[in-house]
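# Working through the structure, step by step
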Amino acid sequence: MSWDQVWIDVNVASMDPAVSAPYGAIVDAAMAVKDGKIAWVGPRAELPEFDVMSTPLYRGKGGWITPGLIDAHTHLIFAGNRANEFEKRLQGATYEEIARSGGGIISTVNACREASEADLFELGRKRLNALAKEGVTTVEIKSGYGLDTETELKILRVARELGKHHHVDVKTTFLGAHAIPPEYKDDVEGYVDLVINEMLPAVLAEDLADAVDVFCENIAFSVEQTERVLTAAKNAGLDIKLHAEQLSNLGGSAMAAKLGAKSVDHIEYLDEAGVIALSKSGTCATLLPGAFYFLRETQMPPIDLLRKHKVPMVLASDYNPGSSPLCSSLLMLNMGCTLFRLTPEEALQGVTANAAKALGIEDRVGVLAAGMQADFCLWDITTPAELSYSYGAGTCIEVVKNGHLVHQ
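Only a predicted model underlies this, so the values are computations on that prediction, with no experimental measurement involved.

## What about the domain arrangement of the protein chain?
Here the domain parsing of the protein chain yields domain 1 (5-68 + 367-406) and domain 2 (76-359). Here domain 1 and domain 2 have C-alpha centroids that lie 31 Å from each other. On the domain 2 side, the residues contacting the 22 residues of domain 1 number 22 residues. Roughly 1,700 Å² of surface becomes buried between domain 1 and domain 2 when both sides are summed, with 65% attributable to carbon and sulfur atoms. On inspection of domain 1 and its partner domain 2, the count reaches one salt bridge.

Written out as structure tokens, the structure reads:
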């Protein structure tokens, strides 16, 4: 056999459903890489013969290898911060009072409109570096802090540039319908028209987005308005997804599922009818425990119903300056288990195989199997459950992206 590298003295949490063990685990395993892809993985005792003299051999010292982590929902590119609002809320100010004084999402929108592409790129690069050090090899980045054509395009351009210049793969999502800008507060339909007829064509013209998202909620866009945007996106050939059922149950998830959405995200108020709709369509349910924690919410996502109807559950950071300023996928593993009572295996699946499905890239990443992209991490742990159990211990030893060592 002629391979580019071989890993031994490792255990592999493949997350491959074809491996009939928790975590798709292969104990005392070996893995071979060729041309940026996994060429072979299995028990070390079954490793085919290869040229030991000419093949780089990596020893994992008994650690565990997992797929590279995937953060499938972030708002990573933004300017400014809202630490002052955090402080005011703790002193008793309400969200409405803060918004009336020029705070809230509009403060971030104003900061993004004023920021240069170079400034946004540097801010995004630092945040992407933070995720990469934790083993993240793919990330989704949404726009949504521009709310005008120029700034939405600027944010998406920066996201695309980050993907070109960073080893982490970047998937971009156009979220022009994130909130209602002040200039359209009395003409929401007019803003929806702008998103569909001006912003979306401009995004398509520059090939800046892989998907389109909408915030469907009483404080944002109605189910009917959301359907207009998602239908336009689908007709344009883009994947669709949705912020839905975070504050109330409007039925946006069921509508998006019927349109073939890749995922619906937040979903704290999703009912069983909505869960069944997701199950029938194969739509993923993205859980965002960082926002649940930071906003001190009490309405739990319907975890038992999602399990009952076998809906793929995704875990993501929702990293943003307002409701989840937590730039850590590993922290989400712990929060997913402690706050939402996921099992450690469900949590790890939520940032690997299921996250890949939510982004439409499950044919390339998310599991460790022959033919898949060689994106993986080596961890100094004795069991995969440690990734959810402990946080901040620096257990990520090495990260490999497309067969190249990018962090150690």
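## Overview of the packing of helix 4 (residues 117-133) against helix 5 (residues 149-165)
Two numbers describe how helix 4 lies on helix 5: the axes approach to 9 Å, and their chain directions differ by 50°. Between helix 4 and helix 5, the angle is such that the two are oblique. Between helix 4 and helix 5 lies a crossing whose hand is right-handed. Here Glu117, Leu120, Phe121, Gly124, Arg125 and Leu128 of helix 4 lie close against helix 5, whose contacting residues are Lys154, Ile155, Arg157, Val158, Glu161, Leu162 and His165. Class assignment of the residues belonging to the contact of helix 4 with helix 5 gives a composition of six nonpolar, two polar and five charged.

## A short note on the UniProt feature "binding site: 4-imidazolone-5-propanoate" (unreviewed entry) in the protein chain
UniProt annotation of "binding site: 4-imidazolone-5-propanoate" (unreviewed entry) refers to Arg82, Tyr145, His178, Gln246 and Ser323 when read in the numbering used here. Lining the largest pocket, from this annotated set, are Arg82, Tyr145, His178, Gln246 and Ser323. The residue Arg82 is located in the loop between strand 6 (69-71) and helix 1 (83-90) in this model. Not counting residues within four places of it along the chain, the set of residues in contact with Arg82 comprises Gly104, Ile105, Ser107, Thr108, Pro321 and Gly322.

## A closer look at the layout of surface pockets
Estimated volume of the largest pocket: approximately 1,200 Å³. Forming the boundary of the largest pocket are 39 residues, of which Arg82, Tyr95, Ile105, Ile219 and Ser323 lie nearest the centre. Those elements that provide at least two residues to the lining of the largest pocket are helix 1, helix 2 (95-100), helix 3 (105-114) and helix 10 (289-294). Of all the elements, helix 1 adds the most residues to the lining of the largest pocket, at five residues. Classifying every residue of the lining of the largest pocket by side-chain character gives 21 nonpolar, eleven polar and seven charged.

## A word on the side chain of Asp318
Inspection of the secondary structure assignment puts Asp318 in the loop between strand 13 (313-315) and helix 12 (329-338). Notably, Asp318 is buried but unbridged: the nearest opposite-charge side chain belongs to Lys142, and the N-O separation is 7.4 Å. Reaching out from Asp318, the side chain makes a polar contact with the side chain of His75 at a distance of 3.2 Å. Here Asp318 is in contact with His73, Thr74, His75, His266, Leu288, Ala291, Ser323 and Ser324, once residues within four sequence places are set aside.

## With respect to the pairing of strand 2 (residues 25-34)
Where strand 1 (residues 5-13) and strand 2 come together, six bridges link them in antiparallel fashion. Looking at the pairing, Trp7 lines up with Met31 of strand 2. Bridging between strand 2 and strand 3 (residues 37-43) involves six bridges; their strand directions are antiparallel. When the sheet's bridge partners are listed, Val33 is paired in strand 3 with Ile38. Between strand 2 and the antiparallel strand that follows it, strand 3, lie two residues; Asp35 among them carries a positive phi value of about 55°.

## Quick word on helix 9 (residues 272-281)
Taken together, the buried positions of helix 9 are occupied by Gly274, Val275, Ala277 and Leu278. Down the axis of helix 9, the buried set is contained in an arc of 155°. They therefore lie on one face. Turned more than 90 degrees away from the buried face of helix 9, the exposed residues are Ala273 and Lys280. Buried positions along helix 9 lie against helix 8 (252-258), strand 11 (263-266), strand 12 (284-287) and helix 11 (303-308). Once helix 9 finishes, Gly282 follows within two positions and takes phi at roughly 80°, a positive value.

## Re empty space enclosed by the protein
Where empty space is left in the structure can be found by rolling a water-sized probe over the atoms. Counted according to the given criterion, the structure contains one cavity of 30 Å³ or more. Looking at the lining of the largest cavity, the elements with two or more residues in it are strand 8 (169-177) and strand 10 (239-244). Examining the composition of the lining of the largest cavity, we find that three residues originate from one element, strand 8, more than from any other. Here the lining of the largest cavity is composed, by residue class, of three nonpolar, two polar and six charged.

## Some points on the sheet that holds strand 10
Taking strand neighbours across the sheet as the criterion, the eight strands line up as 6-7-8-9-10-11-12-13 in an open arrangement whose pairing is parallel. Two strands lie at the open edges of the sheet, namely strand 6 and strand 13, each paired on one side alone. Averaged over neighbouring strand pairs, the angle between their axes works out to 25° when direction is ignored. Sheet topology note: the strand 8/strand 9 (residues 211-216) ladder contains three bridges and is parallel. When the sheet's bridge partners are listed, Thr173 is paired in strand 9 with Ala211. Relative to the sheet, helix 7 (residues 223-235) contacts strand 9 and strand 10, its axis offset from that of strand 9 by approximately 180°.

Conventions and cut-offs
- Residues numbered from 1 in each chain as written.
- Predicted model: local features only at pLDDT ≥ 70, side-chain atom pairs only at ≥ 80, totals over all residues.
- Heavy atoms only, no water.
- Domains from an automatic or database assignment.
- Contact = heavy atoms within 4.5 Å.
- Buried area = accessible area lost by both parts, 1.4 Å probe.
- Salt bridge = Lys/Arg side-chain N within 4 Å of Asp/Glu carboxyl O.
- Axes fitted to C-alpha atoms, helices over the stretch in contact; angles between N-to-C directions.
- Helix = DSSP H or I, 4+ residues; strand = E, 2+ residues; numbered from the N terminus.
- Parallel < 35°, antiparallel > 145°, perpendicular 65-115°, else oblique.
- Left-handed = near helix turned anticlockwise from the far one by under 90°.
- Nonpolar A, V, L, I, M, F, W, Y, C, P; charged D, E, K, R; others polar.
- UniProt positions renumbered as here; feature names shortened; annotations may be inferred.
- 1 Å grid on protein atoms, 1.4 Å probe; cavity = no way out; pocket = protein on both sides within 12 Å on 5 of 7 lines; lining within 4 Å.
- Points joined across faces, edges and corners; volume = space filled by probe spheres on them.
- Buried < 20%, exposed > 50% of the residue type's maximum accessible area, 1.4 Å probe, protein only.
- Lys, Arg positive; Asp, Glu negative; His and termini not counted.
- Polar contact = N/O pair within 3.5 Å; in protein donor to acceptor, adjacent residues only side chain to side chain.
- Pairing = 2+ DSSP bridges.
- Arc of directions from axis to C-beta.

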